[in-house]
Each structure stands twice: as structure tokens, then as C-alpha cells.
Number of protein chains: 2
Amino acid sequence: MTGSELEERYRRYIARLNDRRVHELEDFVHDEVVYNGERLTRAGYQDLIAEAVAAIPDLWFDIRLLVASGDRVACRLLFECTPQRTFLGLEPSGKRVSFCEHVFYEFRDGRIAEVWSLIDRSALAAQLAG
Amino acid sequence: MTGSELEERYRRYIARLNDRRVHELEDFVHDEVVYNGERLTRAGYQDLIAEAVAAIPDLWFDIRLLVASGDRVACRLLFECTPQRTFLGLEPSGKRVSFCEHVFYEFRDGRIAEVWSLIDRSALAAQLAG
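Residues numbered from 1 in each chain as written. Chains lettered and ligands numbered in written order. Predicted model: local features only at pLDDT ≥ 70, side-chain atom pairs only at ≥ 80, totals over all residues. Heavy atoms only, no water.

## A closer look at the interface of chain A and chain B
Accessible area lost on assembly of the parts is the figure often given for the size of an interface. Across the contact, 20 residues belong to chain A and 20 residues belong to chain B. In this structure, the connection of chain A to chain B is made through zero salt bridges. Here chain A is connected to chain B by one residue pair in polar contact (both at pLDDT 80 or more). Counting only elements with at least two residues in the side of chain A that touches chain B, the list comes to β3 (62-69), β4 (72-81), β5 (97-108), β6 (111-119) and α3 (121-129) of chain A. With five residues, the top contributor of residues to the side of chain A that touches chain B is β5 of chain A. Within the side of chain A that touches chain B, the residues separate by chemical class into 11 nonpolar, four polar and five charged. (Contact = heavy atoms within 4.5 Å. Salt bridge = Lys/Arg side-chain N within 4 Å of Asp/Glu carboxyl O. Polar contact = N/O pair within 3.5 Å; in protein donor to acceptor, adjacent residues only side chain to side chain. Helix = DSSP H or I, 4+ residues; strand = E, 2+ residues; numbered from the N terminus. Nonpolar A, V, L, I, M, F, W, Y, C, P; charged D, E, K, R; others polar.)

In C-alpha cells, the structure reads:
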């Protein structure tokens, strides 16, 4: 896959999350995936995303920067949303927040095999409290 | 510049930081650079890095993942170090810590024009306290 094909594939993955088909990731995610060093089944990975969506019903994955090369994708995602339940250990306060995730993916045979995600939890905490 | 030339250029930039020539970034950084949305002079940007090094004398920039394409670079940097002074508002505790930065760069004419950096401050805080 070329870099632009991988980009396109990743955009389709994100579109599926935004379509809320978070339990239909078989085309995009391997049977097993390593997420921040932890080995998960695809079902477990899908559950993680489903939990985030349950905590933040208006969670929208907005791709702001996308770099793809070889089997790797790096993405800066922006979230502008209003958490309704505890997320990353932070209680909702009814406030609308804006925060980013910087995330790297390793693809294998066109599907995600490993994820390294970093979410700006400090910014989120400050906005919920502030 | 091809992706691999840009990668190589970025690796030379990081080597310069690790050589502690943080005030000699003219070859790698534009006269003005936007850092997390804030417009800085190159001197101001260099000072930011110098402050981090002053707080953490054994700060070593360890490239763990690198994705380059077009004018963009994305990097996962690992730091294993012992902060000696306040860093990101966190007091040192004498503990050795391990934390990551996920950072995107926009290059223009081979030099950095914009930076979007996310540091895992939560992991750092937990380790300093824990």
C-alpha cells in the first residue's frame, strides 16, 4: 500500500468510528492488537472505543494532521465535545471541552496491529475544572 | 526532499539537541516558529528547550517511532531521566521517570515552521508522586 492508500484506509477507519459502527472494525483491526503496550482482542479494543463514546456521546474524531509512510500512520485528532460520564478518570462537569490525541498506528497487511496513543488529559482536566 | 531525506534531517536535529547545542538550531528551525499555537522567535524556541534541559540535565531525546511524508514529520520520543527542577509545573522528587512525547512538525524549505507537541504529563506526575 502506498502512503496515500494507507491514509485513505485510515480515513475510512475513522469514518467508521464517527458512524458509530465501533463494533464493526474487523476490516481495519487485526484479531489481536497491542494498545499502549497491552495486548487486546479486537473485541476488547472495540469495547475501549465504545466506552469512550458512552462517556462522551458527541465524541467526534476530527483528523487535523495525518502522516502516513510505510506501515505507519500518525494522526493528530481534535475532540470538541461535552463529556457526560467519567472519562480517563475525570468527572464530567457539564462543560464543553476541546482536547487532542496524538496517536501512532502500525498496520500489518492493511489492518491495525499496534497503537500508541497519547491524549491531552491535562488539558481536559483543566477545562473540566476551570 | 523525499520522506527519507526529511527523516534524516530530523534525526540530525534531534542529534543536535542531544549534543546540547540547543542554541544552534538555525539550520533546522525557521526565524519564527509556531509552537502549540504560539508564535515564537527561534531564540524563544531554543530557550524553551534549554529550560527543559536545565530542569532535566540527563534529558535524552530517544526516537522510538518516526513517520515522515511531504513536509510533515511525526515522532514518538521516549525520555528516561531524573528531573532536578520544576518541569511542566511538576516538582522533582528525585525519582527516575519514563515518559513520552508525541510531536508533529511542519517543515518549510527543510526547516521547522510549526510544532504540535503533546507530552504525557499525567504519566510523569504519577511517577514523580508514586
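## Description of the pairing of strand β4 (residues 72-81) of chain B
Residue and element names in this part refer to chain B. β4 sits mainly inside the fold: eight of its 10 residues count as buried. Here seven bridges tie strand β3 (residues 62-69) to β4, and the two strands are oriented antiparallel to one another. Opposite V67, over in β4, you have A74 as the bridge partner. Turn length for the β3-β4 hairpin, with the two strands adjacent in sequence and antiparallel, is two residues, and the turn residue G70 shows positive phi of about 60°. Bridge analysis of β4 against strand β5 (residues 97-108) gives 10 bridges, and the strand direction is antiparallel. Each bridged residue has a counterpart across the sheet, and for A74 the counterpart in β5 is F104. (Buried < 20%, exposed > 50% of the residue type's maximum accessible area, 1.4 Å probe, protein only. Pairing = 2+ DSSP bridges.)

## Things to note about the confidence of the model for chain A
Keep in mind that low pLDDT regions are not for reading the predicted coordinates in detail. Counting all residues, the mean pLDDT for chain A is 97, and 100% of those residues have values of 70 or more. Quick note on the complex model: pTM equals 0.97, ipTM equals 0.96. (pLDDT = per-residue confidence, 0-100.)

## So, empty space enclosed by the protein
As enumerated under the stated definition, the model contains one cavity of 30 Å³ or more in all. Volume-wise, the largest cavity comes out at about 40 Å³. I119, D120, R121 and S122 of chain A together with L118, I119, D120, R121 and S122 of chain B together form the lining of the largest cavity. Among the secondary structure elements, those contributing two or more residues to the lining of the largest cavity are α3 of chain A together with β6 (111-119) and α3 (121-129) of chain B. Taken together, the residues of the lining of the largest cavity sort by class into three nonpolar, two polar and four charged. (1 Å grid on protein atoms, 1.4 Å probe; cavity = no way out; pocket = protein on both sides within 12 Å on 5 of 7 lines; lining within 4 Å. Points joined across faces, edges and corners; volume = space filled by probe spheres on them.)

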